[in-house]
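Coordinate analysis (summary)
The chain contents come next:
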Amino acid sequence: EVQLVESGGGLVQPGGSLRLSCAASGFTFSNYAMSWVRQAPGKGLEWVSTINRGGGSTTYADSAKGRFTISRDTAKNTLYLQLNSLKAEDTAVYYCARPDILRQGQAYDYWGQGTQVTVSS
């Protein structure tokens, strides 16, 4: 079965950094683009970033550009999100998600359990 397991979240001060990981299993990781999506307290889901199958093309939400970096390691079946220059507004549960090939737009067929990122002084 498909499984996505996030880790790496925690409490950091504004301006700090974290590296999130998503361990994928149950499917051919290299055949899929992968995304990070987050949900701040009391708010809806917000797409953060996507990386293509080969890892050579990345896209970011405006809120993430210049601060976050998405990457993947095919050998380890792992997706990463490097979070730098964190702001209080980045506080959210961060989810690893697999884009649904059968649907257009930002739809996902599998999600991880999420990892909490809290940015506070």
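Residues numbered from 1 in each chain as written. Predicted model: local features only at pLDDT ≥ 70, side-chain atom pairs only at ≥ 80, totals over all residues. Heavy atoms only, no water.

Moving on, we come to the nonpolar core. Core analysis: the biggest nonpolar cluster contains 26 residues, and Met34, Trp36, Phe68, Leu79, Leu81, Leu83 and Tyr94 have the highest contact counts within it. Taken together, the elements giving at least two residues each to this core come down to β3 (18-25), β4 (34-39), β5 (45-51), β7 (68-73), β8 (78-83), β9 (92-99) and β11 (115-119). The element best represented in this core is β3, accounting for four residues. (Core = buried A, V, L, I, M, F, W, Y, C linked by side-chain atoms within 4.5 Å. Buried < 20%, exposed > 50% of the residue type's maximum accessible area, 1.4 Å probe, protein only. Helix = DSSP H or I, 4+ residues; strand = E, 2+ residues; numbered from the N terminus.)

For the rest of this paragraph, the subject is unusual backbone geometry. Look at Asn77: it is not a glycine, yet its phi comes out positive at around 50 degrees. Mapped onto the elements, Asn77 comes out in the loop between β7 and β8.

Centre-to-centre distance and the angle between the planes together describe a pair of aromatic rings. Considering all chains together, one arrives at four aromatic pairs under this definition. Here Tyr95 and Trp111 contribute two aromatic rings whose centre-to-centre distance is 5.8 Å and whose plane-to-plane angle is 85 degrees, an arrangement assigned as edge-to-face. Of this pair, Tyr95 sits in strand β9 while Trp111 sits in strand β10 (residues 108-111), and the two are 16 residues apart along the sequence. On the accessibility criterion, Tyr95 (18% relative accessible area) is buried. Under the relative-accessibility criterion, Trp111 is labelled partly exposed at 34%. Members of the aromatic cluster, joined through ring pairs, are Phe27, Phe29 and Tyr32. Geometry around Phe29 places Arg72 over its ring, the cationic atom sitting 4.3 Å from the centre. Over the aromatic face of Phe27 sits the side chain of Arg98, whose NZ or CZ is 4.9 Å from the ring centroid. (Phe/Tyr/Trp six-rings, centres within 6.5 Å; stacked < 30°, edge-to-face > 60°. Lys NZ or Arg CZ within 6 Å of the ring centre and 35° of its normal.)

Note that all results are geometric; they support no functional claim without further evidence.
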